[in-house]
Amino acid sequence: MPGEHWLANRRGSLEVSRHDLKNPEFVSAYEKALFDKLPDVAARHFTVVRTGRTDVAIIERDGNLHAVLAPDRKLVLWTDAGPWTVAVIDASADLAIDPAVMRRLGQARKAELMSVHPVVDGQAGLLFVDGVLVRTLAAGVHGFWNVGRMVQVKVVDLKRQSLDVAGQEVLTKDRVTIRVNIAAEYRVVDPVKAVSAVKDFSEALYRALQYAFRKTLGALTLDQILEKKVTVDEEAAAKVRADMAEIGVEVSDIALKDVILPGEMREILNQVVSAEKQAEANIIRRREETNATRSLLNTARVMAENPVMLRLKELEALETIAGKVERLTVHNGTGGLLNDLVKLRDS
């Protein structure tokens, strides 16, 4: 212990090893000899911590976290450097770490033996130990001892999501190759089925949508596809929903977003549309000309039945012309009109 010590040193064979208790862990080449030859002295001065094959030891020094001991390990501590508290945990019984302990380990930067897996709201975590599904984890931060066993957590999003199937080539009934963009809304309702039944549930939905739209659009001509808003037929949609329900995925909306035509087909359709618009314009023009002619015919009929109206039209025309020239000479142009006016006045 601390102090001055007088020891015999016969033939210079005495060796003294000094240990600073600021480093509370005892490491010495004489450890085995000390415990074998002087067990009482060793028991009085040392605290020994041992862990089994599946044990983890949490060692505290005066209430502060000092070390986390892995399985099959031994740690010798100076008892006087304590006080020491040791908690031995059998990780084989439950790999989960108490949240309070997990936070302490993280704050003390002693997290080498644990794995941390956050699961946020709207998600589910699937815990696999050595490749076997153990249980489903709710939202929160979960910690597990990573000793002797492989721990994995697969996080599955339970919120509604959209899946786009872009640029899919489809051959129509009239042998035209088009590319389409497809969209679907879905959500995972059974994460265990969704993960265990197929390798990738989103990939399974992707393939199901491809098949459904190829079947639907392959039975239609290009004109039928372009004339109306095409959706997947009910039989194909029902099969998609039924197949996905078997793996825990609920599919709601399924829709065709875009139809993309080859370059030469676009040019042909542009010409067709241009011709159709020109034809519509010609029809409108002829309709307007017919209406104008009919109006002129009605006006002529009224003037033929009423000479005074004809004379008034003549006078209006003369007035318009007179406003545009400096001098206007009229020969016998208004005589008949004035005579008719006089006759009307006399009557």
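By the naming in an unreviewed UniProt entry, the chain is Slipin family protein, taken from Mesorhizobium jarvisii. As its UniProt record puts it under Subcellular location (unreviewed entry), the chain is described as follows: "Membrane". Entered under Sequence similarities (unreviewed entry) in the UniProt record, the comment concerning the chain runs "Belongs to the band 7/mec-2 family."

Visitor: So what's going on with the packing of aromatic side chains? Residues and values would help.
Guide: Taken as a whole, this structure holds 4 aromatic pairs when the rule is applied. Geometrically, the ring pair formed by Phe26 and Trp78 is edge-to-face, given 5.4 Å between the ring centres and 80° between the ring planes. Of this pair, Phe26 sits in the segment before helix H1 (31-37) while Trp78 sits in strand E4 (residues 74-78), and the two are 52 residues apart along the sequence. Across this residue pair, the class does not change: Phe26 and Trp78 are buried.

Visitor: Which residues make up the nonpolar core, and what are the values?
Guide: Counting residues in each nonpolar core, the largest one holds 35 residues, and the members touching the most others are Ile178, Phe201, Leu205, Leu209, Val240, Val249 and Ile254. Of all elements in the fold, only strand E7 (123-129), strand E11 (161-171), strand E12 (177-188), helix H4 (191-196), helix H5 (201-217), helix H6 (222-227), helix H7 (234-245) and strand E13 (249-260) reach the threshold of two or more residues within this core. Looking at this core, the element that brings in the most residues is H5, giving 7 residues. If sequence neighbours within four positions are ignored, Val249 has contacts with Tyr186, Arg187, Val188, Val189, Ala194, Phe201 and Met244. Counting residues in each nonpolar core, the second largest holds 20 residues, with Ile58, Leu95, Val129 and Val147 among its members.

Visitor: Describe unusual backbone geometry, with residues and values.
Guide: Following Gly82, the chain continues into Pro83 via a peptide bond in cis, with omega recorded as 10°. Even without being a glycine, Asp62 presents a positive backbone phi close to 50°. Here Asp62 is to be found in the loop between strand E2 (55-61) and strand E3 (64-69). For Asp72, which is not glycine, the phi torsion reads 55° and is therefore positive. Looking at the secondary structure, you find Asp72 in the loop between E3 and E4.

Rules behind the numbers
- Residues numbered from 1 in each chain as written.
- Predicted model: local features only at pLDDT ≥ 70, side-chain atom pairs only at ≥ 80, totals over all residues.
- Heavy atoms only, no water.
- UniProt positions renumbered as here; feature names shortened; annotations may be inferred.
- Phe/Tyr/Trp six-rings, centres within 6.5 Å; stacked < 30°, edge-to-face > 60°.
- Helix = DSSP H or I, 4+ residues; strand = E, 2+ residues; numbered from the N terminus.
- Buried < 20%, exposed > 50% of the residue type's maximum accessible area, 1.4 Å probe, protein only.
- Core = buried A, V, L, I, M, F, W, Y, C linked by side-chain atoms within 4.5 Å.
- Contact = heavy atoms within 4.5 Å.

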